[in-house]
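Spelled out from the first residue to the last, the chains are:
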Amino acid sequence: MCGICGVFGTEDKGLIKSMTKVLSHRGPDGSGFHIDRNLMLGHRRLSVIDLTTGDQPIYNEDRSICVIDNGEIYNFRELRKELEKKGYKFNTKTDTEVVAHSYEEYGDDCFKRFQGMFSIAVWDSNKRRLVLARDRHGIKSLFYTVLPNGDVLFASEVKSILQDKRVKRQLDYESFHYFVNLRYVPREKTMFKGIYRLLPGHLLIADKKGVQIKPFHKPSFKLARASEDRIVKELRKMLKLAVKRHLVSDVPIGICLSGGLDSSTIVALASSLADEPPRTFCMGFGEDTDEIEDANMVADHFKTNHRNLIVKANLLKEYPKMIWHADSPKRNLYPFYLSELVGRHVKVALGGLGGDELFGGYTWKYRLAENVEAARKKLDQKERNRLIRSAKQMIRFQSKYGDISDDRHFEYLKKMHYLESDVDLYLGTQSLDETFPEEYLARLYGKKMTKGKIPRVHDVFAPYFNGKYGLVQQFMEVDYRVKMVDDFLFVEDAMFSAHSLESRVPFLDNDLVDFSFSIPPSMKWQSGQGKMIFKKAIKPWVPKFVFEKRKQGFGSNVFLTYVNEIEEIARQKLPDGNAVKEGLIRSEYLNDVLGREASPHLQKHYCLIWNLLTFEIWYEMYIKSDKVENPTKGVGSII
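Residues numbered from 1 in each chain as written. Predicted model: local features only at pLDDT ≥ 70, side-chain atom pairs only at ≥ 80, totals over all residues. Heavy atoms only, no water.

1. Here we look at the sheet that holds strand 4 (residues 58-59)
Consideration 1: Within the open sheet, the six strands sit side by side as 4-5-6-7-11-12. Their pairing is antiparallel. Of all the strands in the sheet, just strand 4 and strand 12 (210-215) have a single pairing partner and so form its edges.
Consideration 2: With two bridges joining them, strand 4 and strand 5 (residues 65-73) adopt antiparallel strand pairing. Paired with Tyr-59 across the two strands is Cys-66, which belongs to strand 5.
Consideration 3: Together, strand 4, strand 5, strand 6 (116-124) and strand 7 (129-134) form the strand contacts of helix 3 (residues 95-106), whose direction differs from that of strand 5 by roughly 125°. (Pairing = 2+ DSSP bridges. Helix = DSSP H or I, 4+ residues; strand = E, 2+ residues; numbered from the N terminus. Contact = heavy atoms within 4.5 Å. Axes fitted to C-alpha atoms, helices over the stretch in contact; angles between N-to-C directions.)

Here it is, written out as structure tokens:
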């Protein structure tokens, strides 16, 4: 894990130094620069592989190719052997030098060969060509902007791009709309107008012709016809190889352990592959839903070197710092606390993210999908149309005239509406957050959001529902390609980087992901149970009590957090805050929610209130402030 940044089109040593310096938390072990006639690259290093000769930038023999990167290429040793046979000479033991020579040999196709997580910048001085690449799963973030004069700026974090005073700090209203309805911003958009994310598996190429963005990888979903026994055998092989690859390091590695199926599998395999007991870590909030006891049982079973952290979250103190690291208003930033603990002991940590998306772990989503499909089959088209019309009319009435305490009935009404749309069905499964009916937005949004045409959230997800596969398979695909990338992976990368910690995700090993795409969904989701093929594969490795553990998310209770931490400051700040003043949110809506006695029935509204509080913090730090400085004080000093 490192930090990269650069500018194509301008030479300003002071600018590249400030862009690099603001990323120092990502790489406290060193910095490096390359400047070549209106091309500037900056790098901050976290030393993980090749501690002595791995400083970046890295060059080829004649220094015509310059590379900086963030992440790890796990198959770099195999690629190095291939390149050595072709006559390439190596001066370091780092994976970055493999990138340089791979680009020499294969050009843009080299990125298809990399097994790992990365954001990479390659400068080809002979062709005066800059190539940016982001790994196919979107594990590592890479942001960019193109200025009116054609200059291209890029960085691992937006705050680095904002060091250039030519970059205007403006809110993107479309992204605010997504944020309100999803709690995250999907795909290439960010909260900043004109600043974008490079999509997973894509290249950005900048040269004298301009800027071109193109994919170098597209997911393939070709279902296997093998027997279940054969698939289980192959899956075991893939899981072992994935964990083995992710244990490559020249520094100690830890594992974030929840006691669930995914993290316990990683611990089981790491225990069998490593020379010494793994270091494991678990975090809780001192609540009944904590997973610490489950993690302790797994740690005891495998005799790991285990540590627990009980967090009494002080969001009003920590949120400014969390949001500064995320460059975005976000509610689910609790990995900040876990990474703080883990970062005291190791530089690299493995986690179980990706297992649910690939093997069918979100059972409540699939159950709803099956129920709706069953209802569709029971109703003829005339009956379906009648129910859909009735649901729409009731949603429209509640949106315009209903009391806010009755909004919870949207859940039932939208189930009838789901008879019509697979996309809306999927959006109805997005955790606690509400994807508000379009009619409701007029009640919620201020003039700035209603005077223009705001795209439907529905349209972001529609391309993934093409009817080629069943609903369960499509749910898994969109979770993997959007929700996992733009919410979960984004949060993990930002919060772990905050404490100079590299997070690794073995389940997103290229070969394992490709194989998971070939497994028929009927082997993942059977008789109301998720991850069935995965459970059969790991049964010899994981103790029985892990299979009996109830699945739960990682976070704090929304209602209790609202009452204990959010309510008072929300009442003080939100009705006259930036969201209201800028015409984004109606003060009447906020006063209605905040003026009522707290009730669990309003939990979905509290999710939005919580999100809007993080927006106020972000807006003050990133839009209204002239500087982007790591805050040292709590929320009260910001808003």
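2. Points about the nonpolar core
Consideration 1: Phe-176, Leu-444, Ile-585, Phe-615 and Trp-618 are the most contacted members of the largest nonpolar core, which has 97 residues in total.
Consideration 2: In terms of residue count, helix 27 (residues 603-624) provides more of this core than any other element does, 14 residues in total.
Consideration 3: If you look at the next biggest cluster of nonpolar residues, it comprises 79 residues, including Val-122, Val-485, Val-513 and Phe-515. (Core = buried A, V, L, I, M, F, W, Y, C linked by side-chain atoms within 4.5 Å. Buried < 20%, exposed > 50% of the residue type's maximum accessible area, 1.4 Å probe, protein only.)

3. Details of the pairing of strand 11 (residues 202-207)
Consideration 1: Buried residues dominate strand 11, accounting for six of its six residues.
Consideration 2: Relative to strand 11, strand 7 runs antiparallel, the two being bridged by four bridges. The residue of strand 11 that forms the bridge with Val-131 is Ile-205.
Consideration 3: Here six bridges tie strand 11 to strand 12, and the two strands are oriented antiparallel to one another. Considered in strand 12, the bridge of Ala-206 is made with Val-211.
Consideration 4: The antiparallel hairpin formed by strand 11 and strand 12 contains two residues in its connecting segment.

4. Here's the deal with the packing of helix 5 (residues 173-182) against helix 27
Consideration 1: In the contact formed by helix 5 and helix 27, the axes pass within 9 Å of each other and the chain directions differ by 140°. With respect to helix 27, the element helix 5 is oriented oblique. In this structure, helix 5 uses Phe-176, Phe-179 and Val-180 to contact helix 27, whose residues at the interface are Leu-608, Asn-611, Leu-612, Thr-614 and Phe-615.
Consideration 2: Among the residues making up the contact of helix 5 with helix 27, the classes are represented as six nonpolar, two polar and no charged. (Parallel < 35°, antiparallel > 145°, perpendicular 65-115°, else oblique. Nonpolar A, V, L, I, M, F, W, Y, C, P; charged D, E, K, R; others polar.)

These figures come from the coordinates and say nothing about function on their own.
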